[in-house]
Amino acid sequence: MSKPITFSFNGQQITAQPDESIRACAKRLGFDIPGICSGINPHYRTDGSCRLCMVEIKGERTLAASCKRQPTDGMDVSTTSPRAEASRRMVMELLLADRPAFTPSTYQPADRFLTLGEQMDVSSSRFTPAADGSTPDTSHPAIDVDMSKCILCTNCVRACQEIQSNAVIGIAGRGHLAHIVFDQGDALAFSSCVACGECVQACPTGALLPKAMPHPVLKTETVDSLCPYCGVGCQVTYHVKDDKIIYTDGRDGPANLSRLCVKGRFGFDYTHHPDRLTKPLIRIEGVAKDPAILNGGDAFGQFREATWEEALGHAAASLESTCEEFGADAIAGFGSAKGSNEEAYLFQKLMRTAFKTNNVDHCTRLCHASSVAALMEGIGSGAVTAPFTDAEKADVILVIGARPSQNHPVASTYIKAAKRDGAKLIVLDPRGQALSRHADYGVQFKPGADVALLNAMLHVIITEDLVDHAYIEQRVNGFEEFSQHIKTFTPERMAEKCGVDAGTIRAIARTFAQAKRAIIFWGMGVSQHTHGTDNARCLIALALITGNVGRPGTGLHPLRGQNNVQGASDAGLIPMVLPDYTRVDDDFGRGRFETVWQMALNPVPGLTVVEIMHAALAGDVRAMYIMGENPAMSDPDLNKARRALASLDHLVVQDIFMTETAMLADVILPATSFYEKTGSFTNSNRQVQLGRQVLPPPGDAREDLIIIQDIAKRLGLDWHYKNTAHVFEEMRRVMPSHAGISHQRLEREGSVTYPCTSEEHAGEEILFGEGFPMASGKARLVPAQTLAPDEEPDEAYPFILTTGRMLEHWHTGAMTRRASVLDALEPGPVIALHPKDLAQLGLVAGDGVTLTSRRGTLTAATRADSDVPQGVVFLAFAFHEAAANLLTNPSLDPFGKIAELKYCAVKVEKT
Ligand SMILES: Nc1nc2c(c(=O)[nH]1)N[C@H]1C(S)=C(S)[C@@H](COP(=O)(O)OP(=O)(O)OC[C@H]3O[C@@H](n4cnc5c(=O)[nH]c(N)nc54)[C@H](O)[C@@H]3O)O[C@H]1N2
Ligand SMILES: Nc1nc2c(c(=O)[nH]1)N[C@H]1C(S)=C(S)[C@@H](COP(=O)(O)OP(=O)(O)OC[C@H]3O[C@@H](n4cnc5c(=O)[nH]c(N)nc54)[C@H](O)[C@@H]3O)O[C@H]1N2
Ligand SMILES: [Mo]
């Protein structure tokens, strides 16, 4: 480390840290030198291009841009010298001439340049503006462009290229001809823009604006909260006027550093949609539940409005009578990973104490259940070992079966930045994707062949002795047996099985093993298979034998999906475990909960999501309480799942919309959306953060936490939680991993990472630097065999159907199809096929096709997509009119009990 520098700033002696710019030093001292680049977002590279921050340095002929210039010992800097002041004013006047008369905007970031002018006391210009031939471009559904307002500060270029690494925005022309351009011509709508809106937030003049900002100008209130969508956990500031969210800004949270994606920035208005449920509803007596209602019909017509009193009474009584008549395990509950930690905690407590059933699960079962099974078995803990931001500290990044630039867009920005800064990126996925185009190795392999590919990599690493012997010696059990097992998995033998040539397998194996710090990210392509646990076992082995768990820049990171799937799991929304992963069949652990909850609990693990559906169909589960999940769209083999739901004696649904699941309910309880309640949420990095209430609930809708508590009271539980903070206090008492966290601390610090065992504990970002929470203190290698997917293509069903997501839509579409910008960007279902397959089937993109599997059939338009391999079709499961899960295979992984949502056989026919 070089030593601090002392220099004179406006006559005052000050000390600069090494690498600090003059401007940053001044700011530290409370002196704001005007400027646009890092002045707007401290994470932006300073550019020196606006020339607003010029200072005079004694003895130098020209003025210096203080954002770029670093002080040296003894330097004499002045911001107030007549030359510096005159220059800055002149620059401001020149910039002002570039921009037509100022009309203040509702979108406040758009006014920053003018505010800067006011601060400098420059509001008009001596110069005549050059003719600007540009016309506003309103082609894009999310962003309006008006380049007549552009002052060429280039913030948008840095936003797009350096912060989000999307490279859509650039500069064309030189000198006075320089102007901002998009990558495919003039209109933004035709560019490859993914509408993250980073450029909009960075633009100080309103040349880039969120579409349709209201006029006249409104003064908005702001509320600091989170994004309700994915497990990245972006912090967001909501700008609200008259109980409406007008726009959002990314906040400087640890996971997002002010960045957002299209959903967080533009996807909020589902909460204002007229479809919101605002009154409790009860099924009209005599109206049968018919899954056909899901194909169209008057869903609301099946119900009548009820008071809360009646609806809650009805819901509680029906669950209670079922329990009395058929026993505890005739009841099941699905809690929600869209809800807060406190809601998840109370939901599972309700099921376990009111009914004494462990039949309580949530969408994690269809998500990372297999990853968690493998992690618990291998390293004794199911959460990530390092945050995704550690990608920037890694020198090799492996991404497998995940599509972060689409599903965790902000997390992907760190991966792309790391690659740009010299890290090697390996992307392993049957489909091509945006991230593969950044990769050193973008390897497309056969769907379902992960074990073959990974075992071959493990073979290379072990036979070429690229393992970390010291690490294995100290931290890992089972290496000898594992080495024996891996012997037969030569790359040559596996090449055909996985569709990757032996040379490439060797190259990626060596690249990974030779890294000083390697980190692995994985997703649903790994977990959603009947051999999902085996896939994850291989990844764990890869990290362990190369010594890549427990240090910064290394680790295992199954990218968590929902905004609170980590927290919901931690809080015990899982049939085999109580909060903090205390097994229900562990007498000692369960005993702790029995003491605090003051009653005996059921020691037998309950049924999982798909098992509950099977039990419902068999008449064993007869009543359900479903909060914030839409299994009538998200479960596999929907014809069966929907029949199962319809066959229940009693179904209570607590949601914000009339979902496909709600259409089969007996009682519907209208809940608050994310924006209408306060609670804590835990992201993929194990960072616990506060979501704060932004809006009042619509109509008679009530907070989820209050509804759960009202039902509990009617079931005879003596609950008196005053608010979410009060619930959290109980949680930290029974969850040692959260003991040091409180709502007050979250308010104060913004984010606290668990495990955090005391108020003084900072929380642990990187886990297992010392050892693993296993009986022996060591991790365990578990061998995996190559097994075929459950249902392979054949003559009758020659294509592989793979399902998943698209950037703009969230799961079952309940929220995003009601968000205006997102819906405009992707308005309907599309079946993606390779162009060659389309041609072979005699189709052109856009033609309709019917997809049929052994379980169901659906119709939608095709889209040509050369990222989809030949022989495969892709469909997202967000569209009720072509619900992908009508086709999917419900066969389960034996360990994680997850279904094979990424692989089944279908036929494709022209409609
Ligand atoms: N926009 C958006 N973002 C989301 C969500 C959303 O609905 N929409 N949902 C959130 C949730 S809950 C989750 S769990 C995450 C999921 O995020 P991801 O894990 O990224 O989910 P998917 O897109 O379903 O699948 C990931 C990849 O698996 C690949 N794949 C398919 N078959 C195989 C295979 O056999 N082997 C391998 N290795 N890969 C395969 C697919 O080609 C795809 O690229 O996203 C979260 N983020
Ligand atoms: N074919 C196929 N199927 C899949 C997958 C796949 O890749 N392919 N992925 C699986 C995965 S990983 C997951 S995580 C699941 C997701 O499956 P689900 O969790 O069933 O899907 P979501 O659409 O996220 O459902 C959330 C529900 O909560 C409601 N909601 C939103 N906010 C609130 C709130 O604050 N309170 C209440 N009470 N309700 C609220 C929404 O309206 C919506 O109905 O899908 C799984 N299914
Ligand atoms: Mo998920």
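In this text the structure is predicted, and so the values were computed from the model without any measurement.

The next thing to look at is the site of ligand 1. Taken together, 32 residues form the shell around ligand 1, and within it Arg403, Asp429, Gly448, Asp450 and His809 come nearest. Here an oxygen atom of ligand 1 and a backbone polar atom of Gly401 are 3.4 Å apart. Between ligand 1 and Gln406, the relevant distance is 3.5 Å, taken from a nitrogen atom to a main-chain nitrogen or oxygen of the residue. Burial of ligand 1 by the surrounding chains reaches 99%, relative to a free accessible area of 910 Å². When residues of the shell around ligand 1 are traced back to their parent elements, those giving at least two are helix H11 (404–407), helix H18 (524–527) and strand E32 (799–804). Residues that form the shell around ligand 1 fall into these classes: eleven nonpolar, 14 polar and seven charged. Residues lining the shell around ligand 1 come from more than one domain, with at least three contributed by each of domain 3 (369–558) and domain 4 (799–910).

Those places that UniProt annotates as "domain: 4Fe-4S Mo/W bis-MGD-type" (unreviewed entry) correspond, in this numbering, to residues 220–275. Between the end C-alpha atoms of residues 220–275 there is a gap of 25 Å, over a span that is 9% helix and 36% strand.

On to the environment of Val91. As for its position among the elements, Val91 is in helix H3 (residues 82–97). Of the residues examined, Val91 reaches a relative accessible area of 14% and is grouped as buried. In contact with Val91, other than residues within four places in its own chain, are Cys50, Arg51 and Leu52.

When you line up the elements, Ser165 lands in the loop between helix H5 (155–163) and strand E7 (169–172). In this structure the side chain of Ser165 is engaged in a polar contact, spanning 2.8 Å, whose partner is the side chain of Arg420. Ignoring anything within four residues of it in the chain, the contact list for Ser165 reads Cys160, Thr413, Lys416, Ala417, Arg420 and His438.

This part covers the state of the cysteines. Per the counting criterion, the structure on display carries zero disulfides. Free cysteine Cys193: the closest other cysteine sulfur is in Cys199, separated by 6.3 Å. Residue classification places Cys193 among the partly exposed residues on the basis of a relative accessible area of 23%.

When its domains are assigned, the protein chain resolves into domain 1 (5–96), domain 2 (281–364 + 564–680 + 692–722), domain 3 (369–558) and domain 4 (799–910). When each unit is reduced to the centre of its C-alpha atoms, the spacing between domain 3 and domain 4 is 27 Å. With 25 residues of domain 3 in contact, the opposing surface of domain 4 contributes 22 residues. Together domain 3 and domain 4 conceal approximately 1,900 Å² of surface at their shared face, both sides included; 56% is due to carbon and sulfur atoms. Its largest share of buried area at the contact with domain 4, domain 3 owes to Arg431, Gln528 and Thr530, together 36% of the area lost on that side. The interface formed by domain 3 and domain 4 contains one salt bridge. With a shortest N-O distance of 3.2 Å, Asp867 and Arg437 are connected by a salt bridge. For the pair domain 3 and domain 4, the number of links is nine residue pairs in polar contact (both at pLDDT 80 or more).

The next subject is the sheet that holds strand E27 (residues 667–670). Pairing is mixed across the open sheet formed by seven strands, whose spatial order is E14-E13-E27-E26-E25-E15-E16. Either end of the sheet is taken by a strand with one partner, and the two such strands are strand E14 (303–305) and strand E16 (360–361). Here four bridges tie strand E15 (residues 331–334) to strand E25 (residues 623–627), and the two strands are oriented parallel to one another. Its bridge partner being in E25, Phe334 is matched across the sheet by Ile626.

Before going further, it helps to examine the site of ligand 2. In the vicinity of ligand 2, 36 residues are found, and the nearest of them are Ser634, Asp655, Lys677, Thr812 and Asn885. In this structure, an oxygen atom belonging to ligand 2 sits 3.3 Å away from a side-chain N or O atom of Trp810. Out of a free accessible area of 920 Å², ligand 2 has 99% covered by protein chains. Taken together, the elements giving at least two residues each to the shell around ligand 2 come down to strand E26 (650–655) and E32. Each residue belonging to the shell around ligand 2 can be placed in one class, and the counts come to 14 nonpolar, 15 polar and seven charged. Split by domain, the shell around ligand 2 shows at least three residues from each of two domains, domain 2 (281–364 + 564–680 + 692–722) and domain 4 (799–910).

Right, let's get into the sheet that holds strand E29 (residues 687–691). Strands belonging to one sheet form pairs held by backbone hydrogen bonds; the direction of such a pair is parallel or antiparallel. Strand order in this open sheet of three strands is E28-E29-E30, and the pairing throughout is antiparallel. The sheet is open, and its two edges are formed by strand E28 (679–682) and strand E30 (751–753), each paired on a single side. Between one strand and the next, the sheet's axes are offset by a mean angle of 30°, whatever the strand orientation. Where E28 lies against E29, four bridges are found, and the strand directions are antiparallel. Across the sheet, Thr682 pairs through a bridge with Val688, a residue of E29. Strands in contact with helix H9 (residues 341–354) are E28 and E29; relative to E28, the strand with the most contacts, it is inclined by about 95°.

To continue, consider the pairing of strand E2 (residues 12–16). Pairing of strand E1 (residues 5–9) with E2 involves five bridges; the strand directions are antiparallel. Residue Ser8 lies in a different strand from E2, and its bridge partner there is Gln13. The turn joining E1 and E2, which pair antiparallel and follow one another in sequence, is formed by two residues; a positive phi near 50° is taken by Asn10.

What follows concerns a nonpolar patch on the surface. On the surface, Met90, Leu94 and Phe127 cluster together into a nonpolar patch covering about 240 Å² of accessible area. In this fold, Phe127 is placed in the loop between helix H4 (112–119) and strand E6 (143–145).

All right, on to the packing of helix H13 (residues 450–463) against helix H16 (residues 491–498) then. Where H13 meets H16, the axes come as close as 9 Å, and the angle between the chain directions of the two elements is 160°. Between H13 and H16, the angle is such that the two are roughly antiparallel. The chirality of how H13 crosses H16 is left-handed. Side by side, H13 and H16 meet where Ala452, Leu453, Ala456, His459 and Val460 of the first sit next to Pro491, Met494, Lys497 and Cys498 of the second. Across the contact of H13 with H16, the residue classes break down as seven nonpolar, one polar and one charged.

Rules behind the numbers
Residues numbered from 1 in each chain as written. Chains lettered and ligands numbered in written order. Predicted model: local features only at pLDDT ≥ 70, side-chain atom pairs only at ≥ 80, totals over all residues. Heavy atoms only, no water. Near = heavy atom within 4 Å. Polar contact = N/O pair within 3.5 Å; in protein donor to acceptor, adjacent residues only side chain to side chain. Areas by Shrake-Rupley, 256 points an atom, 1.4 Å probe, with all protein chains shown as cover. Helix = DSSP H or I, 4+ residues; strand = E, 2+ residues; numbered from the N terminus. Nonpolar A, V, L, I, M, F, W, Y, C, P; charged D, E, K, R; others polar. Domains from an automatic or database assignment. UniProt positions renumbered as here; feature names shortened; annotations may be inferred. Buried < 20%, exposed > 50% of the residue type's maximum accessible area, 1.4 Å probe, protein only. Contact = heavy atoms within 4.5 Å. Disulfide = S-S within 2.5 Å. Buried area = accessible area lost by both parts, 1.4 Å probe. Salt bridge = Lys/Arg side-chain N within 4 Å of Asp/Glu carboxyl O. Pairing = 2+ DSSP bridges. Axes fitted to C-alpha atoms, helices over the stretch in contact; angles between N-to-C directions. Patch = residues over 30% accessible without salt bridge, like charges linked within 9 Å, V, L, I, M, F, W, Y side chains within 5 Å. Parallel < 35°, antiparallel > 145°, perpendicular 65-115°, else oblique. Left-handed = near helix turned anticlockwise from the far one by under 90°.

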